[in-house]
Amino acid sequence: MMRRALPTERLPDAWLTERGLASAEADARRRRYGANDIVEAPPAAFWDVARDTAKDPMLWFLVGTSTLYAAVGQGVEALTLLAAIVPLAGMDVYLHRRTQASTEGLVSRLAASARVVRDGAPREVPARDVVAGDLALVGSGEPFPADGIIVAGAELQADEGALTGEAYPVSKRPVVAGSASPACSEGGLLETRAGSVRNDNSEVFVEHEHWGFAGTRLLTGSAALRVVFTGGETVYGEIVRSAAPGARARTPLQSAIASLVTVLLTVASVLCLIMAWARLRQGYGWVDALVSAVTLATAALPEEFPVVFTFFLGVGVYRLARRQTLVRRAVSVENIGRVSCICADKTGTITEGRLHLTHLLPAPELAAPRLLFFAAIASRGDSGDPLDAAILREAEGQGAPALPVEQLAIFPFTEGRKRESAIVRDPDGALVAAAKGATEAILAMCELGEGEREAWNHRMLKLAGEGHRVIGCAWRPLDERVWIPGADELTHRYRFAGLLAFEDPVRESVAHAVGLCREGLIHTIMVTGDHPLTARAVAREVGLGGTEPVVISGDEIEARVARGEGATLRRVDVIARAAPAQKLALVKALQEAGEIVAVTGDGVNDVPALQAADVGIAMGERGTRSAREVAAIVLLDDNFRTIVRAIGEGRQLFRNLQLSFLYLLMVHVPLVITAAFVPLAGYPLLYLPVHIVWLELIIHPTALLVFQELPASERLQPVAAGGPARFFSTRDWAVIAAVGGLLTAFVVAGYLTSLGEGGRVEHGRAMALAILTLASAALTAALSGLRTWTARAVAGGTIVLSVALVHTPVLARLLHLEPLHLGDWLLAVVAALVACAPLMVSFRERG
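The structure contained in this document is the topic of the report that follows. (Residues numbered from 1 in each chain as written. Predicted model: local features only at pLDDT ≥ 70, side-chain atom pairs only at ≥ 80, totals over all residues. Heavy atoms only, no water.)

### Description of a nonpolar patch on the surface
Phase 1 of the analysis: Among the surface-exposed residues, Leu 280, Trp 286 and Leu 290 lie close enough to one another that they form a single nonpolar patch of about 310 Å² accessible area.
Phase 2 of the analysis: For Trp 286, the position within the fold is in helix α9 (residues 285-300). (Patch = residues over 30% accessible without salt bridge, like charges linked within 9 Å, V, L, I, M, F, W, Y side chains within 5 Å. Areas by Shrake-Rupley, 256 points an atom, 1.4 Å probe, with all protein chains shown as cover. Salt bridge = Lys/Arg side-chain N within 4 Å of Asp/Glu carboxyl O. Helix = DSSP H or I, 4+ residues; strand = E, 2+ residues; numbered from the N terminus.)

Put into structure tokens, the structure is as follows:
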């Protein structure tokens with residue numbers, strides 16, 4: 001379940017009450033925080049779609065070629081090409097709408113209007129007029145108009161399937177004083193009082209059950225929602241904004257595709273000039289030369305590659321969002337599938353991050369409540385540390401001596417000292433110093449005999465070996481005449497108070513997710529500040545490193561890097577007693593060893609590692625604002641299982657893109673070769689412009705629609721070390737060459753054979769197009785496995801369309817084709833299947 005940060009500066013006074021805003025205040029807040037528009041721009045109007053459709057070079061090819069035919073008096077040809085604009089433009093409009101489908105699908109779930117309390121009375125307003133601080137009244141069956149805190153209601157259940165994909169209702173309940181978990185943030189210290197929460201540029205964290213989210217709806221009961229986030233700042237708004245094409249930066253793969261397109265365009269241009277020159281030399285006239293050159297250019301134009309990539313990128317952002325993974329930078333859509341190593345925090349990612357005090361081992365002269373009292377003195381309710389929260393919660397519940405006490409000095413926890421201490425005046429008026437922290441650090445501050453020290457250390461190791469997080473606690477009385485206010489921390493002459501042991505339950509399904517990583521050749525490294533024995537026990541529980549995980553300390557990272565042994569960190573399973581700065585060294589060492597690294601982080605001190613990683617993953621529940629802003633991905637539920645699912649989606653997305661490009665190349669290679677070299681050899685044109693239109697109406701939707709819908713399996717598909725840095729392997733290129741070569745040979749053979757039978761050009765063209773279209777259907781079936789309805793519809797539709805165009809007399813005459821005999825179709829089927837055989841053999845060998 002998600003917790004979310006609550007920036008209380010957005011809320012009005014007494015926000016936990018059912019008091020609404022005044023109209024003037026609502027207007028001021030709208031000017032400050034903006035309108036409640038989930039997208040920054042309105043949906044595309046007709047002219048916007050028309051403008052985008054007009055960018056298709058195929059349309060201008062048809063217009064130019066039809067004009068050329070009209071100029072030389074071939075009116076029927078000109079009208080045929082103009083008529084072909086209609087289905088082609090219709091396909092472009094449809095695909096344009098499909099590109100926006102995920103965003104518009106999300107927007108369609110939003111409220112159109114909302115009831116808010118303004119000037120003391122309920123009022124119906126457009127949903128875009130809802131502002132941060134508004135009190136919205138939501139009835140059963142109604143959507144929440146924005147993200148906010150539920151402040152009133154009973155027996156509430158919500159449908160959050162649009163955000164989480166879960167089919168079951170989620171229980172909701174109003175927030176009450178004390179429901180918010182205070183935490184230190186980057187802006188300052190917050191203060192929690194009965195009935196309200198106040199802070200100065202700070203945050204508190206509120207449990208998921210108190211939140212209502214835009215795009216979800218209330219199933220039962222009636223709720224009063226105090227609006228916190230509107231428009232693009234809602235969870236829904238961030239998903240839609242990240243899915244918008246304009247919000248994505250150019251990625252490395254996109255740059256590579258642009259380079260490929262540039263090369264192909266250059267080659268096509270040269271071939272076109274050669275074609276025009278050759279046809280003129282062969283005596284076919286300037287009209288034939290122009291038509292030949294333009295037809296070849298259109299066949300060779302690689303516009304599908306960038307279009308397919310952009311389309312798939314948008315699909316990837318949306319699919320990852322449905323996996324509780326909010327993409328902030330598009331490069332992460334590529335990199336998440338290439339990840340070969342995950343550096344994951346233990347607390348809150350592998351475990352629940354909810355510590356429970358399970359063992360109190362007080363020193364012989366102390367009672368358990370007294371030990372708890374000293375631990376509570378050295379804890380802060382506003383630290384955001386689950387350890388402090390667990391101690392204070394237990395102290396209040398077990399009758400520890402009266403709290404609060406007068407705090408005179410505090411020395412917060414640091415990674416270098418590994419402890420926190422405080423000086424207070426206890427309820428009896430005496431001065432007391434107390435410290436808690438890593439057991440070895442606390443023992444070093446105490447006056448103990450060697451035997452006692454070893455005995456306490458033995459107890460600590462036993463508890464740590466059972467998977468507990470163990471801390472030591474110490475205290476010392478102070479003479480008020482000796483202690484000087486403002487002095488440095490006291491570090492000696494303490495009395496050891498005892499040990500406290502905590503349990504942090506492992507998240508459900510993490511062990512299964514770790515197993516999936518192992519199958520997918522992804523190495524997982526758990527990073528924690530806990531004792532090595534505690535870390536080892538947790539690693540064993542989730543299956544990291546098998547029965548004997550390799551555990552090293554954070555200091556060992558720097559030592560190995562200094563010795564030039566950074567590559568050996570790839571064999572480490574757990575980093576214990578790790579400081580955030582050491583996480584950065586770990587990431588850099590792994591990258592230098594060739595790994596594609598994903599790293600999790602939640603604090604300001606994790607920012608360098610998040611920035612350095614190939615995929616920085618911030619925690620959406622407990623992460624600070626700085627961590628969320630620099631990360632490439634924000635994890636909405638802080639769960640390691642979600643990271644693994646996101647990697648699975650990324651790998652499937654990459655594979656789907658590979659399949660689409662395989663299809664494009666296997667179809668385009670024979671198309672371009674035959675369009676170029678048959679006329680260059682002196683034969684009549686194999687393809688007329690209208691034939692290119694026909695093929696485009698098949699190729700374009702197949703590449704875009706069939707492969708982007710292929711589902712991801714739970715298992716992670718293994719990739720080569722370092723991820724699929726090369727888009728195609730040598731084997732893939734061999735298959736492309738084999739399929740393209742066979743198809744080229746069959747198309748040329750079918751055409752030339754028909755020409756030899758009385759010079760029947762129309763029959764030869766029909767034979768060549770039949771082989772190409774049937775091969776397109778066979779490639780679609782082989783690459784997709786016909787696993788989706790779209791794949792089956794496109795493959796079947798290609799065959800039906802091809803037969804209909806060839807055997808409908810009117811259409812056949814317009815297309816300059818001649819109906820084929822049954823024997824011709826059988827030969828075309830055999831040719832298509834034989835040409836696709838290398839692909840099917842390759843897939844079968846891969847399993």
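Next comes the rest of the account.
### Structural notes on the sheet that holds strand β19 (residues 419-425)
Phase 1 of the analysis: Spatially, the six strands line up as an open sheet ordered β17-β22-β21-β20-β19-β18, and their pairing is antiparallel. The outermost strands of the open sheet, each flanked by one partner alone, are β17 (356-362) and β18 (406-411). Taking the axes of each pair of neighbouring strands and ignoring which way they run, one obtains an average angle of 20° across the sheet.
Phase 2 of the analysis: Of the strand pairs in this sheet, strand β20 (residues 431-437) and strand β21 (residues 469-478) are connected by seven bridges, and their pairing is antiparallel. Within the sheet, the bridge partner assigned to Gly 437 lies in β21 and is Gly 472.
Phase 3 of the analysis: Where helix α14 (residues 386-397) meets the sheet, its contacts fall on β17, β19, β20, β21 and β22 (495-503), and the angle it forms with β22 comes to roughly 105°. (Pairing = 2+ DSSP bridges. Axes fitted to C-alpha atoms, helices over the stretch in contact; angles between N-to-C directions. Contact = heavy atoms within 4.5 Å.)

### Some points on the pattern of salt bridges
Phase 1 of the analysis: Counted according to the given criterion, the structure contains 26 salt bridges.
Phase 2 of the analysis: Between Glu 565 and Arg 563 there is a salt bridge, and its shortest N-O distance comes to 3.1 Å.
Phase 3 of the analysis: The class of Glu 565 is partly exposed, set by a relative accessible area of 33%.
Phase 4 of the analysis: For Arg 563, a relative accessible area of 47% translates into the label partly exposed. (Buried < 20%, exposed > 50% of the residue type's maximum accessible area, 1.4 Å probe, protein only.)

### A few points about the environment of Thr 528
Phase 1 of the analysis: Within the element layout of this structure, Thr 528 appears in the loop between β23 (523-527) and α18 (532-542).
Phase 2 of the analysis: Overall, Thr 528 belongs to the buried group, its relative accessible area being 4%.
Phase 3 of the analysis: Between the C-alpha atoms of Thr 528 and Gly 554, which are 26 residues apart in sequence, the distance is 8.9 Å.
Phase 4 of the analysis: Setting aside residues no more than four positions away along its own chain, Thr 528 makes contact with Lys 346, Ala 535, Ile 575, Ala 576, Arg 577 and Ala 578.

### Some remarks on the state of the cysteines
Phase 1 of the analysis: Applying the stated rule across the entire model yields zero disulfides.
Phase 2 of the analysis: Not engaged in a disulfide, the cysteine Cys 343 finds its nearest cysteine sulfur in Cys 341; these two sulfurs lie 4.4 Å apart. (Disulfide = S-S within 2.5 Å.)

### As for the packing of helix α17 (residues 510-519) against helix α23 (residues 640-680)
Phase 1 of the analysis: Direction vectors running N to C along α17 and α23 enclose 35°, while the axes themselves pass 8 Å from each other. In this structure, the crossing between α17 and α23 has a hand that is left-handed. Of the residues in α23, those touching α17 at Val 510, Ala 513, Val 514, Leu 516 and Cys 517 are Phe 640, Arg 641 and Val 644.
Phase 2 of the analysis: A class-by-class count of the residues in the contact of α17 with α23 yields seven nonpolar, no polar and one charged. (Left-handed = near helix turned anticlockwise from the far one by under 90°. Nonpolar A, V, L, I, M, F, W, Y, C, P; charged D, E, K, R; others polar.)

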